[in-house]
Amino acid sequence: MLDVQKIRADFPILFREVYGHPLVYLDNGATTQKPRAVVDAMMDEYLNVNANVHRGVHYLSQQATDLHEQARETVRRFINARSTAEVIFTRGTTESINLVASSFGQAFLHDDDEVILTEMEHHSNIVPWQLLQARTRIIIKVCPITDEGRLDMEVLPTLFSDKTRLLSCTYVSNVLGTVNPVRDIIQLAHQHNVPVLIDAAQAAPHLPIDVQELDCDFLAFSGHKIYGPTGIGVLYGKEQILEQMPPYMGGGEMIGKVSFQHTTFNNLPYKFEAGTPDYVATTGLARALDYVGAIGFSAIQQHEQELTQYAREQLSQIPGMRLFPPSDDAVISFLVGNIHHLDLGTLLDRLGIAVRTGHHCAEPLMHRLGIEGTVRASFALYNTCEEVDKLIAAINRIRQMF
Ligand code: PLP
């Protein structure tokens, strides 16, 4: 069992007030709060270790490089990659997917080749493919969702052809909280010799991830959604595929030898890490993963699922409530009567409750649902049933105003 009060004590921001109300932070799908251990580790590195990595012979540079590479090993262990060569640091999920679209696209996607996406993707797993489409005439096929908010697994197999080169889909929907059957999807794609990219932005904070067991070819996640710093994320890729992909950006760090006639590139993962990396953020990310690892995903999942179920039950009793299923995990989207989502979100804020409103960077999904946006409550390991009760009471109070 999770000792939530002990955990909350690690997150100073949870004790502040907003408009005279104790903060109820239910916007964890957008970004999570940071435990003191993460901020302390980063502050310590800036104040006591700071030097550029990989390029200095001096003591501080060596120490900063050690911390940076230890962080890579921490990420490797966290996702059970075979080697640190498969762990590329990026600015986040968005950059990870853009890297694959650009570099894998250049190597493997030619005119008339096909990429399969799904109707529930975040814009960051749609637009990079459209940008590629502007350079190469690839075809984007889209797996629809059912009325229950799940991928239509009857349609998905029919989307493969001998032109399919990649399937890219989210593990957990940031709007519907759907946990997609990614193992089945990966197996199906592999039967067609199609590699798979998993967007794990909303999965990594809530579910254990084992890339070898999943057998995914790429996987992306963001540090800031898993209690780590902003501006750092991860792209995992299978070594044999990454080896065949050209660099994404050029600059320092990613080269072997440079001359005006000919330049060679560095080994993995550095080939994809041009320029000075955010080595302080990698330390923070490693601390965040250690923090989550010390609590353990079985306790986290049990707590968050109880919380999600409780919230679903309580919300469903509010007159006029429209829930957008299935909310398998930590994310609940809803609308109440004909109150505009923006009004509801703004009024909740005045009562100290932070939720997200709008299209959640998933406009195609909004079109499918026939709406403009929702209110989204998304949970983290430090949220409590009392906070859900405050959300319910606040919605009821606002409902009476309308
Ligand atoms: N994918 C999903 C499913 C997300 O929910 C998000 C962010 O909300 C992203 C990708 C983009 O993540 P980031 O902005 O950290 O790059």
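Residues numbered from 1 in each chain as written. Predicted model: local features only at pLDDT ≥ 70, side-chain atom pairs only at ≥ 80, totals over all residues. Heavy atoms only, no water.

Its domain assignment divides the chain into domain 1 (4-30 + 296-401) and domain 2 (39-293). The gap between the C-alpha centroids of domain 1 and domain 2 is 28 Å. Counting residues at the interface gives 34 residues for domain 1 and 32 residues for domain 2. Summed over both sides, the interface between domain 1 and domain 2 buries roughly 2,700 Å², with carbon and sulfur atoms accounting for 56% of that surface. Run the count over domain 1 and domain 2 and you get three salt bridges. (Domains from an automatic or database assignment. Contact = heavy atoms within 4.5 Å. Buried area = accessible area lost by both parts, 1.4 Å probe. Salt bridge = Lys/Arg side-chain N within 4 Å of Asp/Glu carboxyl O.)

Attention shifts here to the pairing of strand 11 (residues 255-258). Pairing of strand 11 with strand 12 (residues 263-265), which is carried by two bridges, proceeds in the antiparallel orientation. Bridge assignment links V258 to a residue of strand 12, and that residue is T263. Here strand 11 folds back onto strand 12 in antiparallel fashion, the turn holding four residues. (Pairing = 2+ DSSP bridges. Helix = DSSP H or I, 4+ residues; strand = E, 2+ residues; numbered from the N terminus.)

What follows is about the nonpolar core. Looking at soluble globular proteins, one finds that nonpolar side chains tend to be buried together. Core analysis: the biggest nonpolar cluster contains 79 residues, and I198, I209 and L219 have the highest contact counts within it. With nine residues, the single largest contributor to this core is helix 9 (residues 279-295). Both domain 1 (4-30 + 296-401) and domain 2 (39-293) contribute no fewer than three residues apiece to this core. Apart from the residues within four sequence positions on either side, I198 is in contact with C169, Y171, V182, I186, C216, F218, L219 and A220. Core analysis: the next-biggest nonpolar cluster, separate from the first, contains 25 residues, L315, V336, I353 and V355 among them. (Core = buried A, V, L, I, M, F, W, Y, C linked by side-chain atoms within 4.5 Å. Buried < 20%, exposed > 50% of the residue type's maximum accessible area, 1.4 Å probe, protein only.)

This part takes up the environment of T282. Relative to the helices and strands, T282 is located in helix 9. Taking the C-alpha atoms as reference, T282 lies 31 Å from I185; in sequence the two are 97 residues apart. Residues within four places of T282 in sequence aside, it is in contact with H68, A71, F89 and I232.

What follows concerns the packing of aromatic side chains. Think of a pair of aromatic rings as described by two things: how far the centres are apart, and how the planes are tilted against each other in angle. A full pass over the atoms with the stated rule returns eight aromatic pairs. Ring geometry for F104 against F218: centres 5.8 Å apart, planes inclined by 85°, an arrangement best described as edge-to-face. Separated by 114 residues along the polypeptide, F104 in helix 4 (residues 93-108) and F218 in strand 9 (residues 218-222) bring together distant segments of the chain. The exposure class assigned to F104 is buried, which follows from its relative accessible area of 3%. Residue F218 is classed as buried on the basis of its relative accessible area of 0%. Consider the rings of Y227 and Y382, whose centres lie 5.9 Å apart with planes at 75°: the pair is edge-to-face. Of this pair, Y227 sits in the loop between strand 9 and strand 10 (233-237) while Y382 sits in the loop between strand 17 (374-378) and helix 13 (385-401), placing them 155 residues apart in sequence. Residue class for Y227 comes out buried when judged on its relative accessible area of 0%. (Phe/Tyr/Trp six-rings, centres within 6.5 Å; stacked < 30°, edge-to-face > 60°.)

Taking 1.5 Å per residue, 17 residues should reach 24 Å; helix 9 reaches 25 Å between its end C-alpha atoms and fits that length. Across the 17 residues that make up helix 9, a large majority, 12, are buried. Among the residues making up helix 9, those that are buried are Y279, V280, A281, T282, T283, G284, L285, A286, A288, L289, Y291 and V292. Buried residues along helix 9 sit against helix 1 (4-8), helix 2 (36-49), helix 3 (59-79), strand 4 (87-90), strand 10 and helix 10 (297-316). Residue G296 follows helix 9 closely and has a positive phi angle near 95°. (Expected span 1.5 Å × (residues − 1).)

The mixed open sheet is built from seven strands, whose spatial order is 4-10-9-8-7-5-6. Of all strands in the sheet, those with a lone pairing partner are strand 4 and strand 6 (139-143), marking the two edges. When strand polarity is set aside, the average angle formed by the axes of neighbouring strands in this sheet is 20°. With four bridges joining them, strand 4 and strand 10 adopt antiparallel strand pairing. Across the sheet, F89 pairs through a bridge with V234, a residue of strand 10. Across the sheet, helix 6 (residues 182-191) is in contact with strand 7 (164-170) and strand 8 (196-199); its angle to strand 8 comes to roughly 160°. (Axes fitted to C-alpha atoms, helices over the stretch in contact; angles between N-to-C directions.)

So, about the side chain of E304. Inspection of the secondary structure puts E304 in helix 10. Look at E304: it is buried, it has no salt bridge, and the nearest opposite charge is R8 at 11 Å. Within polar-contact distance, the side chain of E304 engages the backbone nitrogen of L381 at 3.1 Å. Residue contacts for E304: discarding those within four places in its chain leaves P205, H206, Y227, A330, F379, A380 and L381. (Lys, Arg positive; Asp, Glu negative; His and termini not counted. Polar contact = N/O pair within 3.5 Å; in protein donor to acceptor, adjacent residues only side chain to side chain.)

Glancing now at the pattern of salt bridges. Within the structure shown, the criterion is met by 18 salt bridges. For E273, the salt bridge identified is with R72, shortest N-O distance 2.8 Å. A residue pair is termed long-range when its members are at least 10 positions apart, and E273 in the loop between strand 12 and helix 9 and R72 in helix 3 qualify at 201 residues. Residue E273 shares its accessibility class with R72, and that shared class is buried.

Reading across from one edge, 13-14-17-16 is the order of the four strands in this open sheet, with antiparallel pairing throughout. The two strands at the open ends of the sheet, each matched to only one other strand, are strand 13 (321-324) and strand 16 (356-358). Strand-to-strand twist of the sheet, defined as the mean angle between neighbouring strand axes without regard to direction, takes the value 30°. Taken together, the four bridges between strand 13 and strand 14 (residues 331-336) define a ladder with antiparallel strand orientation. Its bridge partner lying in strand 14, F324 is registered against S333.

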